[in-house]
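Architecture at a glance
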Amino acid sequence: METKERLLNEFAEILSQSLSISTNSIITTIHEPTLDNWGIRGGKQASSIGIPFHLDV
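Turning our eyes to something else, we now look at the overall build of the protein. The number of helices and strands found in the protein is two helices and two strands. The secondary structure elements of the protein, listed N-terminal to C-terminal, are α-β-β-α. By residue count, 12% of the 57 residues in the protein fall in the buried class. Sequence separation of 24 or more characterises 14% of the internal contacts of the protein that already satisfy a separation of 6 or more. Total accessible area on the protein stands at roughly 4900 Å², and carbon and sulfur atoms take up 52% of it.

What follows concerns the environment of Ile30. Assignment of secondary structure puts Ile30 in the loop between helix H1 (2-19) and strand S1 (39-40). Each C-alpha atom, one on Ile30 and one on Leu8, is 8.7 Å from the other, the two residues being 22 residues apart in sequence. Non-local contacts of Ile30, meaning those with residues more than four positions away in its chain, are made with Lys4, Leu7 and Leu8.

Before going further, it helps to examine the pattern of salt bridges. Summed over all chains, the structure comprises two salt bridges. Salt-bridge contacts for Glu32 lead to Lys4; the nearest nitrogen and oxygen are separated by 3.1 Å. Of this pair, Glu32 sits in the loop between H1 and S1 while Lys4 sits in helix H1, and the two are 28 residues apart along the sequence. Since its relative accessible area comes to 31%, Lys4 is described here as partly exposed. Glu10 is the partner of Arg6 in a salt bridge, and the nearest nitrogen-oxygen pair spans 2.7 Å. Of this pair, Arg6 and Glu10 both sit in helix H1, four residues apart, which is roughly one turn of that helix. For Glu10, a relative accessible area of 40% gives the class partly exposed.

Now for unusual backbone geometry. If you check the backbone angles, Ser20 has positive phi at about 55° while not being a glycine. Considering the arrangement of structural elements, one finds Ser20 in the loop between H1 and S1. Although it is not a glycine, Arg41 adopts a positive phi angle of roughly 50°. Relative to the elements of secondary structure, Arg41 occurs in the loop between S1 and strand S2 (44-45).

Rules used throughout
- Residues numbered from 1 in each chain as written.
- Predicted model: local features only at pLDDT ≥ 70, side-chain atom pairs only at ≥ 80, totals over all residues.
- Heavy atoms only, no water.
- Helix = DSSP H or I, 4+ residues; strand = E, 2+ residues; numbered from the N terminus.
- Buried < 20%, exposed > 50% of the residue type's maximum accessible area, 1.4 Å probe, protein only.
- Contact = heavy atoms within 4.5 Å.
- Areas by Shrake-Rupley, 256 points an atom, 1.4 Å probe, with all protein chains shown as cover.
- Salt bridge = Lys/Arg side-chain N within 4 Å of Asp/Glu carboxyl O.

Have a look at this one:
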């Protein structure tokens, strides 16, 4: 949760500065599909490769 909060804050700050808009005008959504829905390393499902992290969506 701390990493997501930092990501959202930094994204809003950079976007705000780049576009000269208020951070209050920025809405951000983090979309995290399950590893079954990630095709990596030549089209293999990430869940079958043994990615060293777990995602709960």
